[in-house]
Amino acid sequence: MFGDQKVSFSGVQPSGNLTIGNYLGALRNFSTYSEEYKTFYCVVDEHAITVRQIPAELRRRTYETLALYMACGLDPEKNTLYVQSMVHEHAELSWILNCFTMFGELSRMTQFKDKSAKHADNINAGLFTYPVLMASDILLYQTDVVPVGIDQKQHVELCRDIAMRFNQVYPDTFTIPEPIVAKQGRKIMSLAEPTKKMSKSDENPNAVVYILDDRDTIIRKFKRAVTDSESEIRYDEAAKPGVSNLLSIYSCFTGKTIEEAEKEFAGKGYGDFKAAVGEVTADALAPVQAEFARRLADKAGLEAQMKKGAEEASYYARRTLSKVQKKLGFVQLH
Ligand code: AQP
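None of the values given here were measured: they were computed from a predicted structure.

Caption draft 1: Summary view of the site of the ligand. Lining the immediate surroundings of the ligand are 23 residues, of which Lys-115, Asp-151, Ser-199, Lys-200 and Ser-201 lie closest. Gly-149 is positioned with one of its backbone polar atoms (N or O) 2.9 Å from an oxygen atom of the ligand. The separation between a nitrogen atom of the ligand and a polar main-chain atom of Ile-188 is 2.8 Å. In isolation the ligand offers 640 Å² of accessible surface; the protein chains occlude 97% of this area. For the shell around the ligand, the secondary structure elements donating two or more residues are strand S1 (7-12), helix H1 (20-30) and helix H6 (110-118). Taken together, the residues of the shell around the ligand sort by class into five nonpolar, twelve polar and six charged.

Rendered as structure tokens:
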């Protein structure tokens, strides 16, 4: 909360091409808050380097992610859209909050366990303390709500614990944020291994539908999606993870309930069903892709937005960081 205005904050890593998981679980929900809340949406490039990145690709994806924010309906006049590394307070608060976060807490984070297994040759300290930087991102803006997919809920819960611990020692410092996890699209699964989350860094491109995939590619990927050896189109995550994931995606893109979708496909084969999921996905993404292309072509416009967004964000970030430094006993020169 800043003054009497509630705050929404979230971020997306430019660590790969964005997927329909990122879109349905997070991005498309960001604009829900644009009218009533003060909103900060950040391209979290500092998080992305916990895994090795190719510099030219990281740079390109940073522009693309910002263009996608706008293409997903985030008006830069109503939302503060910026790049994390351009606001140095994120990294500074992160150091301070490291001193308020327990080793045991970080060891329990599921994403750390998953990513350290996947990148066994590079289990760096940043991968371990990633949730502290994320807590800093959120707490700098006195955030009330954090719209995220279910995989990030554990990190927002840790952020709450860190904030409460800090507030206990230094009262009234941080607003305690709430994770907001959408009912639909909270965890879109891989098309190749539907018990695994769809991730932008997945090495198998057929497992993932990217927001920017063309229509034919989208339809082809859905046609190849792993299902099961039955023939019934029914939602049952445990017994039929592939079909259930496709039903969720269909329901997210059409606005129909799962029950309505099940009825619509009763008696139909998997082939028709998969083709229909591909069609509705391609239809829904077409306007986002067109707007993305328009925004991306205007490099100077994106850079002007990066500058403006960083200036706006810094104003709020500085206020919180100064408050924290003062409470801690750091000397303030005026
Ligand atoms: N499969 C998903 N279903 C629903 N929501 C998802 N999100 C990610 N994958 C899914 C949500 O997207 C937002 C941005 O995610 P992120 O960039 O911060 O990183 P992540 O959660 O680690 O996402 P990825 O795609 O799996 O990235 P990589 O492969 O780099 O690790 C978050 O709100 C997230 O919940």
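So, next bit.
Caption draft 2: A look at the nonpolar core. The biggest cluster of nonpolar side chains holds 56 residues, and the ones touching the most others in it are Ile-20, Tyr-23, Leu-27, Tyr-69 and Phe-222. The dominant element in this core, judged by the number of residues it contributes, is helix H12 (residues 270-297), at eight residues. In this structure Tyr-69 touches Gly-11, Val-12, Leu-27, Phe-30, Tyr-41, Cys-42, Val-43, Leu-74 and Leu-81, once residues within four positions along its chain are discounted. Membership of the second largest hydrophobic core comes to 42 residues, among which are Phe-100, Met-109, Leu-140 and Ile-162.

Caption draft 3: Local environment of the domain arrangement of the chain. Here the chain is partitioned into domain 1 (7-185 + 299-328) and domain 2 (205-292). The straight-line distance from the C-alpha centre of domain 1 to that of domain 2 is 30 Å. At the interface, 15 residues of domain 1 touch 16 residues of domain 2. For the domain 1 and domain 2 pair, buried surface summed over both sides reaches about 1300 Å², with 76% attributable to carbon and sulfur atoms. One can count zero salt bridges joining domain 1 with domain 2. If you look at where domain 1 meets domain 2, you find four residue pairs in polar contact (both at pLDDT 80 or more). Taken together, the elements giving at least two residues each to the side of domain 1 that touches domain 2 come down to H1 and helix H3 (55-71).

Caption draft 4: Focus on unusual backbone geometry. Phi is positive for Gln-142, close to 50°, though the residue is something other than glycine. Residue placement: Gln-142 occurs in the loop between helix H7 (125-140) and strand S4 (145-148). Although it is not a glycine, Asp-172 adopts a positive phi angle of roughly 60°. Assignment of secondary structure puts Asp-172 in the loop between helix H8 (153-169) and strand S5 (178-181).

Caption draft 5: Quick look at H12. Taking 1.5 Å per residue, 28 residues should reach 40 Å; H12 reaches 39 Å between its end C-alpha atoms and fits that length. Its axis deflected by about 35° at Ala-286, H12 carries its strongest bend there, up to four residues before the proline Pro-287. For H12, the complete set of buried residues consists of Tyr-270, Phe-273, Lys-274, Val-277, Gly-278, Val-280, Thr-281, Ala-282, Leu-285, Val-288 and Phe-292. Where H12 is buried, its residues contact H1, H3, helix H9 (215-223) and helix H10 (241-254).

Caption draft 6: Spotlight on the packing of H9 against H12. Here H9 crosses H12 at 150°, and the two axes come no closer than 8 Å. By the angle class used here, H9 and H12 are roughly antiparallel. Note that H9 runs across H12; the crossing there is right-handed. Residues Arg-215, Ile-218, Ile-219, Phe-222 and Lys-223 of H9 pack against Lys-274, Val-277, Gly-278, Glu-279, Thr-281, Ala-282, Asp-283, Leu-285 and Gln-289 of H12. In the contact of H9 with H12, the residues fall into six nonpolar, three polar and five charged.

Caption draft 7: Looking closely at the packing of aromatic side chains. Under the definition given, this model contains 18 aromatic pairs. Arranged with centres 4.9 Å apart and planes meeting at 65°, the rings of Phe-265 and Phe-273 form a pair that is edge-to-face. Its relative accessible area of 0% is what places Phe-273 among the buried residues. By way of ring pairs, the aromatic residues Phe-2, Phe-9, Phe-40, Tyr-82, Tyr-141, Tyr-315 and Tyr-316 are connected into one cluster.

Caption draft 8: Layout of the side chain of Ser-244. Mapping Ser-244 onto the fold places it in helix H10. Excluding residues within four positions of it along the chain, Ser-244 makes contact with Arg-234, Tyr-235, Asp-236 and Glu-237.

Caption draft 9: Region of the structure containing the environment of Phe-174. With respect to the element layout, Phe-174 can be found in the loop between H8 and S5. Of the residues examined, Phe-174 reaches a relative accessible area of 5% and is grouped as buried. Between the C-alpha atoms of Phe-174 and Ser-201, which are 27 residues apart in sequence, the distance is 33 Å. The residues touching Phe-174, leaving out its near neighbours within four places in the chain, are Leu-93, Leu-97, Leu-139, Gln-142, Ala-163, Phe-166, Asn-167, Thr-320 and Val-324.

Caption draft 10: Fine view of the pattern of salt bridges. Scanning all chains against the criterion turns up 22 salt bridges. The shortest N-O distance in the salt bridge between Glu-311 and Lys-307 comes to 3.5 Å. One end of the pair, Glu-311, and the other, Lys-307, are both in helix H13 (residues 299-328), four residues apart, so they sit about a helical turn from each other. A relative accessible area of 55% means that Lys-307 is categorised as exposed. What you see here is one network of salt bridges that share partners, running through Asp-228, Glu-230, Glu-232, Arg-234, Asp-236 and Lys-240.

About the cut-offs
Numbering of residues begins from 1 in every chain and follows the order in which that chain's sequence is written. Only residues with pLDDT of at least 70 get local features here, since the model is predicted, and only at 80 or more are side-chain atom pairs given and counted; chain-wide, interface and lining totals rely on the full set of residues. Each side-chain value is worked out from all heavy atoms of the structure, with water and hydrogens disregarded. When at least one non-hydrogen atom of a residue lies within 4 Å of a molecule or strand, that residue is treated as near it. Counting of polar contacts relies on pairs of N or O atoms within 3.5 Å, with two restrictions inside protein: one atom must be capable of donating a hydrogen and the other of accepting it, and residues adjacent in sequence are counted only when both atoms are side-chain atoms. The method behind every accessible area is Shrake-Rupley, applied with a 1.4 Å probe, and residues are considered shielded solely by the protein chains displayed. Under the scheme used here, helices are H or I runs from DSSP no shorter than 4 residues and strands are E runs no shorter than 2 residues, and both carry numbers assigned from the N terminus. Classification used: nonpolar for Ala, Val, Leu, Ile, Met, Phe, Trp, Tyr, Cys and Pro, charged for Asp, Glu, Lys and Arg, polar for all others including Gly. To define a nonpolar core, start from buried Ala, Val, Leu, Ile, Met, Phe, Trp, Tyr and Cys residues and group those joined through side-chain atoms within 4.5 Å. Burial classes follow relative accessibility: with a 1.4 Å probe on protein chains only, a residue under 20% of its type's maximum area counts as buried, one over 50% as exposed, and anything between as partly exposed. Two residues qualify as a contact provided that any one of their heavy atoms is within 4.5 Å of a heavy atom in the partner residue. Domain delimitation follows an automatic or database domain assignment. Computed with a 1.4 Å rolling probe, the buried area is the accessible surface lost when two parts are put together, summed over both parts. Each salt bridge in this description consists of a side-chain nitrogen of Lys or Arg and a carboxyl oxygen of Asp or Glu lying within 4 Å of one another. For a helix, the expected span equals 1.5 Å multiplied by the number of residues minus one. To get the bend at a residue, fit one axis to the 7 residues ending there and another to the 7 starting there, then take the angle between the axes. Whenever a helix is involved, its axis is fitted only over the stretch in contact; in every case the axis is a line through C-alpha atoms, and angles between N-to-C directions fall within 0 to 180 degrees. For this classification, under 35 degrees means roughly parallel, over 145 means roughly antiparallel, 65 to 115 means roughly perpendicular, and everything else is oblique. Here is the rule for handedness: rotate from the far helix to the near one, and if that takes an anticlockwise turn smaller than a right angle the crossing is left-handed, while a clockwise turn gives right-handed. Think of it this way: a Phe, Tyr or Trp ring, Trp meaning its six-membered ring, pairs with another when their centres are within 6.5 Å, and the plane angle makes it stacked under 30 degrees, edge-to-face over 60, tilted otherwise.

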